[in-house]
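What the coordinates show
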Amino acid sequence: MQQTSGETCIYWPMEGTLTIGGDAVVEGGSGIEVRMGTVTIQDGATILGTGAYLDDTPVSGQSQADGSAILISTEMYGDGENQFDESPDITVNIAGGKLESSNGNAVTVYNLETTEKQEAKVNITDGELQAASGKAAVQVNMMEDCQTELTTTGTGENAIQTSGSSTTVTVSEDASQALVGQGSASSYYTDVNDALENVSASSENPATVYLLDNAEVTVTEGMTLVTPDAVSLTVRPEEGKVIEKVENQEDGTISYKVVEASDSTLQPPTVSLTADKTSAYVGDSITLTASAVSAEGATITYSWYKDGQKISGATASTLTVTSSGIYTVVVTAQKTVNNNVYSAEDDASISCTFVVRDDDDDNDNNNSGSSSSGSTSVRRYNIEADAGRGGDISPDGRVRVRRGENQTFRITADDGWEIADVEVDGESVGAVERYTFENVRTDHTISVTFRQIVTEPEEPQTPALPFTDVSEGDWYHDAVAYCWENGIMDGTSGTAFAPNMILTRAMMAQVLYNLAGGTPAAAAGFPDVSPTAWYADAVNWAAANGYVTGYDNGLFGPEDDLTREQMAAILYRYAGSPAPAGTLDGFADAASASAYAVDALRWAVGEGLLTGKDGGRLDPTGTASRAELAQILARFAG
């Protein structure tokens, strides 16, 4: 099932049960929008949200796609008992399948709190939640601060539950590994690292991060980490800060947060790092020694890193190294005060270089001071520098360098070009603008390639609407723009569209005539359709093709208001009267539809052209505005 106009594919504002399973595929601006009833996603079902991301509270009383695979909003159409038969509550169960959004969150939940009669429960126990980059697997927005806790599912898996007012969202570790909670918003993520990348905490805007998987985390001011005791975290503080670790005996959770350093708890250690030498020949070794000063009673541990990568098993205060790199020691001081564990750290780095020994090195290290010729010979090496079309390298050609010296090359691209890659001795070092050979002791090569900068052509600008009564934020703006740009609907004047004007039968005929690119037909014989009327060609054409008919008295009634069921019937005939796939079940006033219009209304509902109004009504005999027609035509023609 696919909705190609950018609107929601399945809008579920009513009681009843919707189950999507097997290999079913639902795709739309939002795949499914839920405002009442029970919805279950299971098996291998795929729900796709492909519309533009909309970070706004849903519009009251109507469908509004926001790019989510599933959009859930707690909102009834008033507090009256006539708004539901048995229960106004929402229950959404996601037990399998794939929920994917191209531009937004996989699942978005809003608690609009328009009535206390409605409760919402969202349970996600399994399935693949795939959000757009930078968006959440599940985004929960409340009208008040969320209450979040770690819990377990009925089958024993860890889960994170967030609630507020009458809405509760529970997501198990099989579907999400982390939650970031800030005020009234909670964001679930399938990957711990994604969650940590999206935390922006401060003392003024604190955040609580719940983790269900092992990770290495740097805790910043304003951030609190909470985990089950089974999760293993490597927690690091910001420079100069102290972390407090608290074990909660009541619920078995562990929390971490930044606290002020003090003499009564812990001060960050002071670290120094020395080496017996910083350069050596390949085959020799260098010994690094770290020393630390910390508070009395603190336990000191050491971790060593080479070029940013942790060295497994290196936990002593000394380290013997045999290869070039930047070596860093991280010293952690830890102290227990009143059953709480405080930790802080400091680090220091040093660069070590190893070079290949050659014959000249032996002569250099000979301290005898004798020389058979009385003169000194200095060895030189060649560096071949080459730049392709589109720029220069300086110096270029064959460059002679004295043994042990450094040689720097600078790379410049011509106008309209950029550096594509730089290769040193056949290996890429990236698109760098300069490169230095250090301690030269052999021949080398450096070559540069450039590429032309391709400027993407600017996308043509969509002409602005000329109508002063249609604004960017109006729900019908895009639909009016589509109809106007494609010549389907005109304004009532050069500067007015009259979106709230009630649609007439003549207007409907003219719009259909524009949509089809109709041609004049013989007069249909309606006495109230003058040959000179602005709508005459459209009415005659529509009647000739069987899209419209007159009344029993032979009149057409061009200025009569058009009802919603008449509009559906005309479009249904224009579409070829296909077999209807929709149903009128669930609409409180379905019985008021005229017999001739039932199939047309079922078709329009199934195609997503008509949706319910307030109170779960279809309103078949009610009127339609020009804005509503524009929305329907955009869905129909798009």
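The numbering scheme is per chain: residues are counted from 1 as the chain's sequence reads. It should be noted that, the model being predicted, local features are given only for residues of pLDDT at least 70 and side-chain atom pairs only at 80 or more, the latter also being counted only at that level, while totals for whole chains, interfaces and linings use all residues. Hydrogens are left out, water is left out, and the side-chain values use all remaining heavy atoms of the structure.

On to the pairing of strand β6 (residues 46-49). Partly exposed residues are those whose accessible area sits between 20% and 50% of the maximum for their type, while under 20% is buried and over 50% is exposed, using a 1.4 Å probe and protein chains only. Runs of H or I in DSSP of at least four residues are treated as helices and runs of E of at least two as strands, each being numbered from the N terminus. Of the two faces of β6, the one holding Thr 46 and Leu 48 and the one holding Ile 47 and Gly 49 are both buried throughout. The pairing of strand β3 (residues 25-28) with β6 spans four bridges and is parallel. Its bridge partner being in β6, Val 26 is matched across the sheet by Ile 47. The criterion for strand pairing is that DSSP finds at least two bridges linking the strands in question. With four bridges joining them, β6 and strand β8 (residues 90-101) adopt parallel strand pairing. Looking across to β8, one finds that Thr 46 is bridged to Lys 98.

Attention now goes to helix α4 (residues 505-516). By this rule the span expected of a helix is its residue count minus one, scaled by 1.5 Å. For α4, which comprises 12 residues, the first-to-last C-alpha distance of 17 Å matches the rise-based estimate of 16 Å (1.5 Å per residue) to within 8%. For α4, the buried fraction is high: nine of the 12 residues fall into the buried class. Inspection of α4 places Arg 505, Ala 506, Met 507, Met 508, Ala 509, Gln 510, Val 511, Leu 512 and Tyr 513 among the buried residues, and these make up the whole buried set. Note on contacts: a residue pair is in contact if any heavy atoms of the two residues lie within 4.5 Å. Against α5 (536-544), α6 (564-574) and α8 (626-637) lie the buried residues of α4. Positive backbone phi, at 65°, marks Gly 517, one or two positions downstream of α4.

So, about the sheet that holds strand β38 (residues 444-452). Taken together, five strands build an open sheet; the order of strands is β33-β31-β38-β35-β36 and the sheet is mixed. Sheet topology places β33 (397-402) and β36 (427-430) at the edges, where each strand pairs with a single neighbour. Looking at each pair of strands side by side, their axes are set apart by 25° on average, direction ignored. As paired strands, strand β35 (residues 417-424) and β38 are joined by seven bridges and run antiparallel to one another. Of the residues in β38, the one forming a bridge with Trp 417 is Gln 452. Angles shown run from 0 to 180 degrees and are taken between the N-to-C directions of axes, each axis being a line fitted to C-alpha atoms and, for helices, limited to the stretch in contact.

Remark: the centre distance and the inter-plane angle together describe each pair of aromatic rings, the angle taken between the planes. Aromatic contacts are taken between Phe, Tyr and Trp rings whose centres are within 6.5 Å, Trp giving its six-membered ring; a plane angle under 30 degrees counts as stacked, one over 60 as edge-to-face, and the others as tilted. Per the counting criterion, the structure on display carries 13 aromatic pairs. Summarising the aromatic geometry, the rings of Phe 526 and Phe 556 are spaced 5.3 Å apart at their centres and angled 40° between planes, so their arrangement reads as tilted. Note that Phe 526 is positioned in the loop between α4 and α5 and Phe 556 in the loop between α5 and α6, a separation of 30 residues in sequence. Judged by its relative accessible area of 14%, Phe 526 is buried. When the centroid spacing of 5.3 Å and the interplanar angle of 75° are considered together, the rings of Tyr 547 and Tyr 574 count as edge-to-face. With a gap of 27 residues between them, Tyr 547 in the loop between α5 and α6 and Tyr 574 in helix α6 connect regions that are remote in the sequence. Under the relative-accessibility criterion, Tyr 574 is labelled partly exposed at 23%. Stacked on the ring of Tyr 53, the Lys or Arg Lys 135 has its end atom at 4.5 Å from the ring centre. As a reminder, the over-ring test applies to NZ of lysine and CZ of arginine, requiring each to be within 6 Å of the ring centre and within 35 degrees of the ring normal. Between the NZ or CZ atom of Arg 505 and the centre of the ring of Phe 556, over which it lies, the distance is 4.5 Å.

Okay, the nonpolar core next. Residue types Ala, Val, Leu, Ile, Met, Phe, Trp, Tyr and Cys, when buried and joined through side-chain atoms within 4.5 Å, form a set referred to as a nonpolar core. Ranked by internal contacts, the top residues of the largest apolar core, which has 57 residues, are Met 489 and Met 567. Elements that contribute at least two residues to this core include exactly α3 (477-485), α4, α5, α6, α7 (598-606) and α8. For this core, the leading source of residues is α4, giving seven residues. In this view, Met 489 contacts Cys 483, Trp 484, Phe 497, Val 511, Arg 626, Leu 629, Ala 630 and Leu 633; residues no more than four positions away in its chain are not counted. Residues Trp 12, Val 122, Leu 179 and Val 226 belong to the second largest nonpolar core, which totals 42 residues.

All right, on to the layout of surface pockets then. Approximately 1100 Å³ is the volume attributed to the largest pocket. Lining the largest pocket are 40 residues, and of these Glu 7, Trp 475, Asp 478, Gln 631 and Arg 635 sit closest to its centre. For the lining of the largest pocket, the elements supplying multiple residues, two or more each, are α3, α6 and α8. Broken down by element, the lining of the largest pocket gets its largest block of residues, six residues, from α3. The residue makeup of the lining of the largest pocket, split by class, is 15 nonpolar, 14 polar and 11 charged. Think of a 1 Å grid over the protein atoms and nothing else: a 1.4 Å probe that fits but is trapped marks a cavity, an open set flanked by protein within 12 Å on at least five of seven lines marks a pocket, and residues with an atom within 4 Å of a point count as lining. Grid points are joined across faces, edges and corners, and a volume is the space filled by probe spheres set on the points. Size it by volume and the second largest pocket reaches roughly 730 Å³. Nonpolar residues are Ala, Val, Leu, Ile, Met, Phe, Trp, Tyr, Cys and Pro. Charged residues are Asp, Glu, Lys and Arg, and all others, Gly as well, are polar.

With that out of the way, let us pick up the side chain of Thr 167. If you trace the backbone, Thr 167 turns up in strand β14 (residues 167-172). Within the structure, the side chain of Thr 167 is placed 3.2 Å from the side chain of Asn 111, a separation counted as a polar contact. Dropping the residues within four chain positions of it, Thr 167 is found in contact with Thr 74, Val 109, Asn 111, Ala 120, Met 142 and Thr 162. Throughout this description, a polar contact denotes any pair of N or O atoms lying within 3.5 Å of each other; where both atoms belong to protein, one of them has to be capable of donating a hydrogen while the other can accept it, and for residues adjacent in sequence the pair is counted only when both atoms sit in side chains.

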